[in-house]
Amino acid sequence: MQALASGVIGAGVLTALHETARHYIDDAPRADVLGMRAIRNTLTKIDVATPSDEELHDWALGGDLVSNALYYSLVGLAKPRYELLAGTALGLAAGIGAVGLTGPLGLGTAPTQRTASTAAMTISWYVIGGLAAAGAYALLKRR
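Analysis parameters
Residues numbered from 1 in each chain as written. Predicted model: local features only at pLDDT ≥ 70, side-chain atom pairs only at ≥ 80, totals over all residues. Heavy atoms only, no water. Core = buried A, V, L, I, M, F, W, Y, C linked by side-chain atoms within 4.5 Å. Buried < 20%, exposed > 50% of the residue type's maximum accessible area, 1.4 Å probe, protein only. Helix = DSSP H or I, 4+ residues; strand = E, 2+ residues; numbered from the N terminus. Contact = heavy atoms within 4.5 Å. Phe/Tyr/Trp six-rings, centres within 6.5 Å; stacked < 30°, edge-to-face > 60°. 1 Å grid on protein atoms, 1.4 Å probe; cavity = no way out; pocket = protein on both sides within 12 Å on 5 of 7 lines; lining within 4 Å. Points joined across faces, edges and corners; volume = space filled by probe spheres on them. Nonpolar A, V, L, I, M, F, W, Y, C, P; charged D, E, K, R; others polar. Salt bridge = Lys/Arg side-chain N within 4 Å of Asp/Glu carboxyl O. Polar contact = N/O pair within 3.5 Å; in protein donor to acceptor, adjacent residues only side chain to side chain. Patch = residues over 30% accessible without salt bridge, like charges linked within 9 Å, V, L, I, M, F, W, Y side chains within 5 Å. Areas by Shrake-Rupley, 256 points an atom, 1.4 Å probe, with all protein chains shown as cover.

*Asks:* Please set out the nonpolar core residue by residue, giving values where relevant.
*Replies:* For soluble globular proteins, the rule of thumb is that nonpolar side chains tend to be buried together. Judged by nonpolar contacts, the single largest core of 17 residues is most densely connected at Leu 14, Tyr 72, Val 75, Trp 125 and Tyr 126. Sorting the residues of this core by element identifies helix 1 (2–24), helix 4 (83–100) and helix 6 (116–142) as the ones contributing at least two each. Aside from chain neighbours lying at most four places away, what touches Trp 125 is Leu 14, Leu 17, His 18, Ala 21, Ala 28, Pro 29 and Tyr 72. Core analysis: the next-biggest nonpolar cluster, separate from the first, contains five residues, Met 36, Leu 43, Leu 56 and Ala 60 among them.

Printed below as a string of structure tokens:
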């Protein structure tokens, strides 16, 4: 439970960064757009009607929160005292994947690679999410 709670915290921090920044920073990464595209592509392939963009956005945010929470909860597998290293590694891997795999997955590159700043923010924010999960895990384990 501590690992899952930590994952939820990391995912919440990451999603808050993405959602806040997209309103204020022109080159902000758009993980929400990636999620919307993934859902839209999947629904199209199985011949299911696509919901409105607003509803699709909500689905994407929910999916991001759940998948990132489960992913960041892997920090609980780290040996004691290595939580921060594990969180950093998880965040770095996710950020690099978000930058490098979106094109090959058919989701486009603009949401995470539009500019060098966009790519750097993408990777940095996933690392921040990983560190938030690791910090939360370290604190929860001590309780």
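*Asks:* Go over the packing of aromatic side chains, please, and point to the residues and values.
*Replies:* One pass over the structure, following the stated rule, counts one aromatic pair. Judged by centre distance (5.8 Å) and plane angle (55°), the ring pair of Tyr 71 and Tyr 72 falls under tilted. According to the relative accessible area criterion, Tyr 71 is partly exposed, its value standing at 25%. Exposure remark for Tyr 72: the relative accessible area of 0% places this residue in the buried category.

*Asks:* With reference to specific residues and values, describe the layout of surface pockets.
*Replies:* Of the voids in this model, the largest pocket is the one considered here, and its volume is about 420 Å³. Taken together, 19 residues make up the lining of the largest pocket; nearest its centre are Leu 34, Asp 64, Ser 67, Asn 68 and Tyr 126. For the lining of the largest pocket, the element with the highest residue contribution is helix 3 (residues 53–72), accounting for six residues. In terms of residue class, the lining of the largest pocket is made up of 12 nonpolar, six polar and one charged.

*Asks:* Hey, could you go over the pattern of salt bridges for me, with residue numbers and the actual values?
*Replies:* For the structure shown, the criterion picks out four salt bridges. Among the ionic pairs, Glu 19 bridges to Arg 22, the shortest N-O distance being 3.0 Å. Here the residue Glu 19 and the residue Arg 22 both occupy positions in helix 1, the gap between them amounting to three residues, near one helical turn. In this structure, the salt-bridge partner of Asp 32 is Arg 30, at a minimum N-O distance of 2.7 Å. Its relative accessible area of 3% is what places Asp 32 among the buried residues. Salt bridges sharing partners connect three or more residues here, namely Glu 19, Arg 22, Arg 30 and Asp 32.

*Asks:* Which residues make up unusual backbone geometry, and what values do they have?
*Replies:* In this structure, Asp 47 takes a positive phi of about 60° despite not being glycine. Examined against the element boundaries, Asp 47 turns out to sit in the loop between helix 2 (31–45) and helix 3.

*Asks:* An account of the side chain of Thr 102 is requested, with residue identities and associated values reported.
*Replies:* Mapping Thr 102 onto the fold places it in the loop between helix 4 and helix 5 (110–113). With relative accessibility at 5%, the residue Thr 102 sits in the buried group. Of note is the side chain of Thr 102, whose polar atom sits 3.0 Å from the backbone oxygen of Gly 108.

*Asks:* Report on a nonpolar patch on the surface, specifying residues and quantitative values.
*Replies:* Taken together, Met 1, Leu 4, Val 8, Val 66 and Leu 70 make up a surface patch of nonpolar side chains, about 540 Å² in accessible area. Secondary-structure elements contributing two or more residues to the nonpolar patch are helix 1 and helix 3. With respect to the helices, strands and loops of the structure, Val 66 is situated in helix 3. Residue classification places Val 66 among the exposed residues on the basis of a relative accessible area of 53%.

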